[in-house]
Amino acid sequence: MASGEDGSCSQLSSDIQPGDRGSFRCLLCGINVPNRPSLSDHLCGRRHTRMCEEREKRQQQQERSVFVSGFPKGTTEEQLKDVFQPISSIRNIVMDKDRGLYAIVEFESSDGVNAALEVQDIKLEGQRLRVKPREKKEFKKKRTGSRNLQPPDPEALSKELMHCKDVEEQMKSVVTLCSPSHHESHLRELLLSLLRESFTEFFPGCQLHPFGSSVNGFEISGCDLDLYLELSESEELKLESVKDVSLKEDIDDMQNEDVKGEKLLCLEMKEVQKDDMDTEENNSDDDENIVPGLSLKGLSNEEILNLVERVLRQCVPGVHGVQTVPSARRPVIRFQHKVSGLRGDITLNNRLALRNSLFLRFCSDLDPRVSQLVYTVRYWARVNELAGNPLGGGPLLNNYALTLLIIFFLQSRSPLIIPSLRQLKEMAGEEATLVIDGWDCTFPSDPTQIQPSKNEKSLGCLLSEFFTFYSTMDLHSSIFCLRDGGIITLPFTSPPPSWAEGFRLSPFNVQDPFELGHNVCSNVSTKTARRFISQCIIAARTCCSPVYRLRSLSRPWGIIPLLLPNTSEGSKKEGIEISIPLTGTSLEVLILAVKRVLIEVLLCSCVEEGSENTEGGIGKIERSGDEGEQAMSHMEALNIGDDKPELKAEELNEIEVKSIKESCGRKRESVEENQNENKRRKIEDTNDNAIVIKEMTIPEQNVPKKGQKAKKIKQLAKENTTLMRINVWHQVWEGRRRQRRSKFGEITKKIELETAVSHALSSETVDSKPCKPLMQITVKTELTKEGNAQLHLTPEVDDYHCSTNFLHFLKVFLPQMVHEILNSHS
Ligand code: UTP
């Protein structure tokens, strides 16, 4: 440790700065400590030690290395190594990846530096290299990278939405939480001004227009800055070279802000620009300067694009990662702004994009529900990986296409919420007529001209309708056409419309509202199109379930399950384990008690069960002779299937049906799509004509014939492991205390009381008639060496994200109730 760094010595190292009231600041690590003992701890701690070591390492590296420039573009590390290795042994070479204009050559020892500096004429491919000693830079704590500009992740968003009062408020909150902060918006403006200033230096009279989410009303934190640079052919490049551009003062002017945070932001920008200006690469004088006095006249689009790229690369401080994508439908130059992390795209000749962005803005201004719907659907599409190709291109929907789908849906409401473009054109009047590249882009300029929609449906209802609307679509044979607000069915009737020739049909077809020959989904793959439909089906079901409407403080509700990644498709959730001592009974009897709790008391249903090492099926619980007999009598005692004791094992599931029917008569159970051809379906009418459908997964060969029944019973319980698959239909784990209190005194038997509590809770949602279980869990039971029943409960399907709460509840409730059942019959 350096002298004076232990914090106890009176003399402090230059890294430590005394602060107010006995505090200190470690400049090296960038942290404050309140007093001297804390300082001692910090100086001896891992973080400070690591920083000291890192600084030491960097200093040594600097002393061992030289700054090299002047080599041809595209030079490799290997080529440089060949040049410098004969001078002194090389440890490492770091190339400037962005521009390929300079390199740091590190030798094994500082002697190498002296040797390299002494050599007069170091050449590579005939070009003389410039070799300079490294600049002594103060070692600073690394910037933690660019600002973290992005909307909240699903978990953080869910946390916020839990506290809303209803779905409406949740959807409005999504807009607020995902929109850029005031600081971010200001940063975007600053960057835009900086780019405008820079381009005007070179292309006087040019205009830089933002389009896309920056102007369409659906901006989210961290979204790209889409820019369209409008140049006129006659423009001439300004006569100065790149080096003469000084934007620093312009930025300084922009900093006349008195808001503290904004000032900070400006300072950061300034700092980065300064950094850029001061870096070693900028000290080298071999940047390829833009030829002065060059006119754009006669240049091809590609050449103009390259020129714009070079201006962006060389003249805009703080910008890096500049890359042209000439193959895109509209060739684009991508870039990133270092300090903010903001990404941007610059296109040329893109008036149509500007116009369609204004159209989206117009729609969003027409009715406040539009943007609330768009933000929620965009978030849903993002977490389900349906939209938002991060690097452009790709097989997913782009956000523009997704937004058009929402607009189309709103055009198809009755009464409509957004008129079709044909109707809007009629409302616009002659003077608003606008044609771009031959396409009619007319719509009224003022949304307040349009009569407000008579459709007053709530946001929650519209969201649900959106998913239902698309879940029934045949994407392959439809073109969604916003101009007419209708669907064109494929194949085209003859003669096809004039725009059809250029229209690229794909698995998903959405016609651009203005450029009619453009399918905005032409990039979408069959897989994405299929997934879009299946996710709409899942989302539509969620919107029909009680979790959508019923607010809860303990499980995701409302739109939250839609905005969390789907667990049934991806990662499975963690399960829990519950250990229940057998206390004198057999494992089979205990399992039956568990089933009674789940099915009778908690209104779940059993989809299938079996021993773990055989395929599922009701004839698969196996027991040996005596144990079997014993278990049978227990089953009678447990009230499970008491009218036909000899059929118990085989007809367990039928008994369950009965038990479900009796205990939750109004409930409709439907088990989802099942491919197993050997399945049997038993349909029974219930009291109120709802239907109980019980799927019994019985492979034909496993269905016991009459003579096999006794044999089957004898075989029961040979296995020590059983598996049940349980569907959970009602949110019975929440609000029990309240219901218990209201029933207290009325019912004295605990099992009956708890069953009544579940019924009361389920009847709170009875009108919703769940068509899909809230979740599916497997319950695997095994006998431990210690003689306990070990239950492993694992969520298999958890689309509504409530399994954690349910399993948490079961951890206490299940053993208590099992004991209750066993004790009441012992
Ligand atoms: P995006 O799909 O990026 O939409 O298209 P966005 O609203 O800006 O969303 P972010 O940036 O992903 O958050 C950007 C713009 O590009 C034009 C539209 O003007 C759109 O607003 N565009 C995109 C088209 O004109 N046609 C297309 O097929 C795609």
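Above this text is the structure in question.
What you are looking at is a predicted structure, and each value in this text was computed from that prediction instead of being measured.

(A) Region of the structure containing the overall build of the protein. Along the protein, the regular secondary structure elements total 27 helices and 26 strands. Residues counted as buried form 52% of the 826 residues belonging to the protein. Summarising the internal contacts of the protein: among those between residues at least 6 apart in sequence, 69% fall at separations of at least 24. Total accessible area computed for the protein in this model is approximately 39500 Å², and 48% of it derives from carbon and sulfur atoms.

(B) Here's a closer look at the site of the ligand. Around the ligand, the surrounding shell holds 16 residues, and the nearest of these are Ser213, Asn356, Arg378, Asn399 and His518. Taking Ala353, its main chain carries an N or O atom lying 3.1 Å from an oxygen atom of the ligand. For the ligand, an oxygen atom lies 2.5 Å from a polar atom in the side chain of Asn356. Taking 570 Å² as the accessible area of the ligand by itself, protein coverage stands at 82%. Residue assignment for the shell around the ligand shows that the elements contributing at least two residues are helix H8 (213-216), helix H13 (351-366) and helix H15 (399-411). Sorting elements by how many residues they give to the shell around the ligand places H13 first, with three residues. Per-class residue counts for the shell around the ligand are five nonpolar, eight polar and three charged.

(C) The arrangement of the packing of aromatic side chains in detail. Inspection of every chain in the model, using the stated rule, returns 25 aromatic pairs. On the basis of an interplanar angle of 35 degrees and a centroid distance of 5.1 Å, the ring pair of Phe67 and Tyr102 is categorised as tilted. Placement of the pair is Phe67 in strand S4 (residues 65-69) and Tyr102 in strand S6 (residues 102-107), with a sequence separation of 35 residues. Neither residue differs from the other here; Phe67 and Tyr102 are each classed as buried. Connected via pairs of aromatic rings, a cluster forms that spans Trp380, Phe408, Phe409, Phe466, Phe467, Phe469, Tyr470, Phe480, Phe508 and Phe532. A cation sits over an aromatic face here: Arg382 above Tyr379, 5.4 Å from the ring centre. Above the face of the Phe469 ring, Arg413 is positioned so that its terminal group lies 5.2 Å from the ring centre.

(D) A look at the sheet that holds strand S9 (residues 130-133). With antiparallel pairing, the four strands of this open sheet are ordered in space as S5-S6-S4-S9. Each of the sheet's edge strands pairs with one partner strand only, and the pair in question is strand S5 (90-95) and S9. Averaged over all neighbouring strand pairs, the angle between strand axes comes to 25 degrees, with direction disregarded.

(E) Spotlight on the environment of Leu424. Take Leu424: it is sitting in helix H16 (residues 421-428). What makes Leu424 buried here is its relative accessible area of 0%. Put simply, Leu424 and Phe443 are 19 residues apart on the chain and 5.4 Å apart in space, counted from C-alpha to C-alpha. Setting aside residues no more than four positions away along its own chain, Leu424 makes contact with Phe359, Phe362, Pro419, Phe443, Pro444 and Ile450.

(F) Main features of the pattern of salt bridges. Inspection of the entire model under this criterion finds 22 salt bridges. Note that Asp121 and Arg128 form a salt bridge whose closest N and O atoms lie 3.2 Å from each other. The class for Asp121 is partly exposed, based on a relative accessible area of 43%. Its salt-bridge partner being Asp367, residue Arg369 comes within 2.8 Å of it at the nearest N-O pair. Accessibility assignment for this pair places Arg369 and Asp367 in one class, buried. By sharing partners, the salt bridges in this structure join Arg736, Arg740, Lys750 and Glu754 into a single network.

(G) Spotlight on the pairing of strand S18 (residues 486-489). As paired elements, strand S17 (residues 478-481) and S18 share four bridges and run antiparallel to each other. In the strand pairing of S18, Phe480 is matched with Ile487. Here S17 folds back onto S18, and the loop between the two strands holds four residues, one of which, Gly485, carries a positive phi near 65 degrees.

(H) Looking closely at unusual backbone geometry. A cis amide bond links Ser414 with the next residue in sequence, Pro415, at an omega value of -5 degrees. Relative to the elements of secondary structure, Pro415 occurs in the loop between H15 and H16. Cis geometry marks the peptide bond from Ser494 to Pro495, where omega comes out at -10 degrees. A positive phi angle is found at Glu125, which is not glycine, with a value near 45 degrees. Residue position: Glu125 is located in the loop between strand S7 (123-124) and strand S8 (127-128). A positive phi is found at Thr583, a non-glycine position, where the angle reads about 35 degrees. Within the secondary structure layout, Thr583 lies in the loop between strand S20 (576-581) and helix H21 (587-601).

Cut-off values and rules
- Residues numbered from 1 in each chain as written.
- Predicted model: local features only at pLDDT ≥ 70, side-chain atom pairs only at ≥ 80, totals over all residues.
- Heavy atoms only, no water.
- Helix = DSSP H or I, 4+ residues; strand = E, 2+ residues; numbered from the N terminus.
- Buried < 20%, exposed > 50% of the residue type's maximum accessible area, 1.4 Å probe, protein only.
- Contact = heavy atoms within 4.5 Å.
- Areas by Shrake-Rupley, 256 points an atom, 1.4 Å probe, with all protein chains shown as cover.
- Near = heavy atom within 4 Å.
- Polar contact = N/O pair within 3.5 Å; in protein donor to acceptor, adjacent residues only side chain to side chain.
- Nonpolar A, V, L, I, M, F, W, Y, C, P; charged D, E, K, R; others polar.
- Phe/Tyr/Trp six-rings, centres within 6.5 Å; stacked < 30°, edge-to-face > 60°.
- Lys NZ or Arg CZ within 6 Å of the ring centre and 35° of its normal.
- Pairing = 2+ DSSP bridges.
- Axes fitted to C-alpha atoms, helices over the stretch in contact; angles between N-to-C directions.
- Salt bridge = Lys/Arg side-chain N within 4 Å of Asp/Glu carboxyl O.

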